[in-house]
Amino acid sequence: MSTQAPNEARVIPLRPQAVPPASGGARPQQRPAAAPPAPAPREPLWRDLVGDALRRERLAQERTLKDVAEAARISMPYLSELERGRKEASSEVLAAAARALGLGLGDLITLAQDELARYGRSQVGQVGRVGQARRSGTAPTARYDGLCLAA
């Protein structure tokens, strides 16, 4: 006969429960639970890469936000938000900020692309979607070092 009441739901725990010390019973052998896989690192956003390039160049020239913002004819808070990757700037604003730093728009884009390429190289061989695709043979075989922007 069953020891369960007929209307009682049977609950099967997802994780093994620890045996209380007062039970005195022998603890059954338990396999250690496998650690969940670490999440893949987040790929950087374009606005973060461009903002980092703007800030690095400005600091390398030892210029203030106010100085560069005035030269670019944009507000200082807006330039700060661009550098921190909080705002997505138009090409006109990026060109103005680049000119204020003595760069062309292409130079700024190249600096951001170089950072993106460094990120891509640092991810090679790490466990993640790229690493799994390479191991399974489904990764593309061609390597592209160019930059492509699509609107």
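So, how was this worked out
- Residues numbered from 1 in each chain as written.
- Predicted model: local features only at pLDDT ≥ 70, side-chain atom pairs only at ≥ 80, totals over all residues.
- Heavy atoms only, no water.
- Core = buried A, V, L, I, M, F, W, Y, C linked by side-chain atoms within 4.5 Å.
- Buried < 20%, exposed > 50% of the residue type's maximum accessible area, 1.4 Å probe, protein only.
- Helix = DSSP H or I, 4+ residues; strand = E, 2+ residues; numbered from the N terminus.
- Contact = heavy atoms within 4.5 Å.

Visitor: Describe the nonpolar core, listing the residues and the values that go with them.
Guide: Counting residues in hydrophobic clusters, the biggest one holds 21 residues, and the most contacted among them are V50, L54, I74, L79, L82, L94 and L108. Listing elements by their share of this core, those giving two or more residues are α1 (46-60), α2 (65-72), α3 (76-83), α4 (91-100) and α5 (105-123). By residue number, the principal contributor to this core is α4, which donates 6 residues. Leave out the neighbours within four places in its chain, and I74 touches A69, L79, L82 and V93.

Visitor: How would you explain the environment of A72 if you had to name every residue and give the values?
Guide: Mapping A72 onto the fold places it in helix α2. On the basis of relative accessible area, A72 is assigned to the buried category, the value being 9%. Separated by 27 residues in the primary sequence, A72 and R99 have C-alpha atoms spaced 7.1 Å apart. Apart from residues no more than four positions distant in its own chain, A72 is found in contact with A96, A97 and A100.

Visitor: Residues and numbers for α4, please.
Guide: Within α4, 7 of the 10 residues are buried, which leaves the element mostly enclosed by the surrounding structure. All buried positions along α4 are accounted for by V93, L94, A95, A96, A97, A98 and A100. On its buried face, α4 is in contact with α1, α2, α3 and α5. Directly beyond the C-terminal end of α4, a positive phi value near 80° is found at G102.

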